[in-house]
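Examining the three-dimensional arrangement
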Amino acid sequence: MNVPPPVVELDGLTKRYGDLTALDAVTLDIRAGEIFALLGPNGAGKTTLIGCVSGLVIPTAGTARVLGRDTQREYRETRRVVGLVPQEINFDPFFTVEETLRFQAGYFGVKLSEARLAEILDALDLGRKRKAGTRELSGGMKRRLLIGKALVHDPKVLFLDEPTAGVDVELRRDLWKYVRRLRDQGTTVVLTTHYLEEAEALADRIGMIDRGKLLLVEEKAALMRRLGRRTLRLQLAEPLTRLPGALEAKGARLVETGMVIELEQPLSEELGPVVAAALEAGLSVRDVETRRTGLEEIYVGLLSKDGVRP
Ligand SMILES: Nc1ncnc2c1ncn2[C@@H]1O[C@H](COP(=O)(O)OP(=O)(O)OP(=O)(O)O)[C@@H](O)[C@H]1O
């Protein structure tokens, strides 16, 4: 498989605040056209990493490059190709939606064409609020406007810091759709999130960070296959008092007064032989349920293995 070229290259990126190491020698390539989710608990260093790439934070050591340019030495050039959606809402309450977008474009020396403005407003479902003061927007609309602001100069890489914090489920799904669309149009997207469901739904690759250290970077699908588990439940037609030996040997157990055989196994193992063993033992199986453990369990497991939390 061809790996697309890196758009963001971090090499030994380190940031210290006095004794505190907020970023500890992070080396990472983010590839063109991917959605990369950066996961980590509060204070892990996610915002600091984004800050270093977007030129808001000066690294103590190491380098950050965007499209081959150093974010320190070539600040202006890199800033032009990076869009940043911060955690905090940061627009002037006295401007309208349209003014907010136009002024933002002005900071980049870009004249926002009517067509581009309409496209952004439309994509973020803010067309009807074009002339509304930003004070009048609901929380969800403000979040969308923040994304719009980050897009006015047509960045190649978009950083989203907790894009859906405090947003309702419906809007969250709309925003996901929009982020996917941006990726499909060629924008590279880096997002931080506390919602593992969000990373599971959106990310092509996942990085996990804790106490400034990058613990893991992996394709989401491969990560799920490698560390994911499933719980398999066989619903029986009749209660059973003793498990057949073949199932016991696989680590299954009887639950729910003998009506259900339950087994937990890695996703990499096949479930067919378990079902076959039940049928071979002459059991009447009424239903088969499986439940996959998600990213959440993998994440919690990894952080606790790291000796940190929870
Ligand atoms: N300007 C600063 N001065 C001193 N310490 C800072 C500064 N900015 C960040 N830190 C510290 O650096 C560490 C990493 O912070 P950062 O904001 O990058 O974490 P985060 O992973 O984004 O957390 P959250 O999920 O809470 O947003 C924290 O311990 C934080 O207190």
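These figures come from a predicted structure and were not determined experimentally.

Describing the packing of helix α3 (residues 97-107) against helix α5 (residues 139-151)
Relative orientation of the contacting elements α3 and α5 amounts to 30 degrees, with a least axis distance of 8 Å. For the element pair α3 / α5, the angle class is roughly parallel. In the packing of α3 onto α5, the handedness of the crossing is right-handed. Side by side, α3 and α5 meet where Val97, Thr100, Leu101 and Gln104 of the first sit next to Leu145, Gly148 and Lys149 of the second.

A few points about the sheet that holds strand β11 (residues 229-236)
Sheet architecture is open: 4 strands sit in the order β12-β13-β11-β14, paired in antiparallel fashion. Pairing within the sheet leaves two strands with one partner each, and these edge strands are β12 (253-255) and β14 (285-292). For this sheet, the mean angle separating the axes of adjacent strands, direction not counted, is 25 degrees. In the sheet, β11 pairs with β14 via 7 bridges, with the strands oriented antiparallel. Paired with Gln235 across the two strands is Asp287, which belongs to β14. In the packing of helix α10 (residues 272-280) onto the sheet, contacts are made with β11, β13 (260-266) and β14, and the angle to β14 comes to roughly 160 degrees.

Things to note about the confidence of the model for the protein
When pLDDT is averaged across the protein, the result is 90; 98% of the residues are at 70 or more. The complex model carries a pTM of 0.83, and its ipTM stands at 0.96.

A few points about the sheet that holds strand β8 (residues 188-193)
Here we have 6 strands laid out as an open sheet, ordered β6-β7-β8-β3-β9-β10, and mixed in their pairing. Because the sheet does not close on itself, it has two edges, and the strands there are β6 (82-85) and β10 (213-219). Mean inter-strand twist for the sheet, computed between neighbouring axes without regard to direction, equals 15 degrees. Of the strands in this sheet, β9 (205-210) and β10 are in contact with helix α8 (residues 220-227), which crosses β10 at around 100 degrees.

Let's talk about the environment of Lys129
Looking at the secondary structure, you find Lys129 in the loop between α4 (114-123) and α5. In this structure, the C-alpha to C-alpha distance between Lys129 and Phe36, residues 93 residues apart in sequence, is 31 Å. Setting aside anything within four residues of it in sequence, one finds Lys129 in contact with Val97, Leu137 and Met141.

Quick look at the site of the ligand
Surveying the vicinity of the ligand reveals the residues Tyr17, Leu20, Ala22, Gly40, Asn42, Gly43, Ala44, Gly45, Lys46, Thr47 and Thr48. Looking at the shell around the ligand, the elements with two or more residues in it are β2 (20-31) and α1 (46-53). The dominant element in the shell around the ligand, judged by the number of residues it contributes, is α1, at 3 residues. Looking at the shell around the ligand residue by residue, the class counts come to 4 nonpolar, 6 polar and 1 charged.

Some thoughts on α5
Between its first and last C-alpha, α5 extends 19 Å over 13 residues, near the 18 Å set by a 1.5 Å rise per residue. Along α5, the positions that sit buried rather than exposed are Arg143, Arg144, Leu145, Leu146, Ile147, Gly148, Lys149, Ala150 and Leu151. Residues of α5 that are buried in the fold lie against β6, α3, α4 and β7 (157-161).

Cut-offs used in this document
Every chain is numbered independently, its residues counted from 1 as its sequence is written. Note on the predicted model: pLDDT of at least 70 is required for a residue's local features to be given, and 80 or more for side-chain atom pairs to be given and counted; whole-chain, interface and lining totals, by contrast, use all residues. Lines fitted to the C-alpha atoms define the axes, with helices restricted to the stretch that makes contact. Angles between their N-to-C directions range from 0 to 180 degrees. Helix numbering and strand numbering both begin at the N terminus, where a helix is a DSSP run of H or I of at least 4 residues and a strand a DSSP run of E of at least 2. For classification purposes, an angle smaller than 35 degrees is called roughly parallel, one larger than 145 roughly antiparallel, one from 65 to 115 roughly perpendicular, and anything else oblique. By definition, any crossing whose near helix is turned counterclockwise from its far helix by less than a right angle is left-handed, and any crossing with a clockwise turn is right-handed. Here, residues touch in the contact sense if the C-beta positions derived from the backbone fall within 7 Å of one another. Paired strands, in this sense, are two strands between which DSSP finds at least two bridges. By definition, pLDDT measures how confident the predictor is in each residue, and it falls between 0 and 100. Using the backbone to place each C-beta atom, any residue with that atom within 6 Å of a molecule or strand is considered near it. The residue classification treats Ala, Val, Leu, Ile, Met, Phe, Trp, Tyr, Cys and Pro as nonpolar and Asp, Glu, Lys and Arg as charged. All others, Gly included, are polar. Expected span, for any helix, means 1.5 Å times one less than how many residues it has. Three classes are used. A residue is buried when 20 or more other C-beta atoms lie within 10 Å of its own, exposed when 12 or fewer do, and partly exposed in between, with C-beta atoms placed from the backbone.

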